[in-house]
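# An overview of the molecular structure
So the chains spell out like this:
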Amino acid sequence: DQVPVGRIPRSMSVHCRGEQTRKCGPGDIVTLSGIFMTIKVGGYRAIKSGLQADTFLEATDIEKQKQSYNELEVDYATERKVAEIAKDPDPYSKLAAALAPEIFGHDDIK
């Protein structure tokens, strides 16, 4: 999500146990707390990579950063704004302009 331009995203293995496995799903943005640990690498994989140990994070806490649409609570101001957009004669153009405003045109793709 926040990989600088031209950089390769990095990854890390995270081990979760019990109820932690149900706290998030694919694509969720999460904050993890845990213990940084190592595990001995053996066999052909160790020879190929030249590593003696691999690292992973043993998760102790998982916190979702964004909620799904079903979990969101809509307040009065949001309802009023949606009603205002619905009354607009061309809501499609207004919404397309709000999505990725740095990209000029291409309203049909947005």
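In short, a report on the structure. Since this is a predicted model, take the numbers as computed values, not measurements. (Residues numbered from 1 in each chain as written. Predicted model: local features only at pLDDT ≥ 70, side-chain atom pairs only at ≥ 80, totals over all residues. Heavy atoms only, no water.)

### Observations concerning the side chain of Glu58
The cut-off we apply is this: In DSSP terms, a helix is any run of H or I states spanning at least four residues, a strand is any run of E spanning at least two, and both are numbered starting from the N terminus. Each polar contact in these results corresponds to two N or O atoms within 3.5 Å; when the atoms are within protein, one needs to be able to donate a hydrogen and the other to accept it, and residues that are neighboring in sequence are counted only if both atoms are side-chain atoms. Any two residues having at least one pair of non-hydrogen atoms within 4.5 Å are treated as being in contact.
The topology assignment puts Glu58 in strand E3 (residues 53-64). Of note is the side chain of Glu58, whose polar atom sits 3.2 Å from the side chain of Arg17. Here Glu58 is in contact with His15, Arg17, Ser33, Gly34, Ile35 and Met37, once residues within four sequence places are set aside.

### Digging into the pattern of salt bridges
How we decide: The working definition used for a salt bridge is a side-chain nitrogen of Lys or Arg within 4 Å of a carboxyl oxygen of Asp or Glu. Only protein chains enter the area calculation, which uses a 1.4 Å probe; residues under 20% of their type maximum are buried, those over 50% are exposed, and those in between are partly exposed.
One pass over the full model with this rule turns up six salt bridges. The partner of Lys23 in a salt bridge is Asp61, with the nearest N and O atoms 3.9 Å apart. Taken as a pair, Lys23 in the loop between strand E1 (14-15) and strand E2 (30-40) and Asp61 in strand E3 lie far apart in primary sequence, 38 residues in all. Asp61 gets classed as partly exposed once you look at its relative accessible area, which sits at 32%. The closest approach of N and O atoms between Lys64 and Asp28, which form a salt bridge, is 3.9 Å. Pair noted here: Lys64 is in strand E3 and Asp28 is in the loop between E1 and E2, with a separation of 36 residues, a long-range link.

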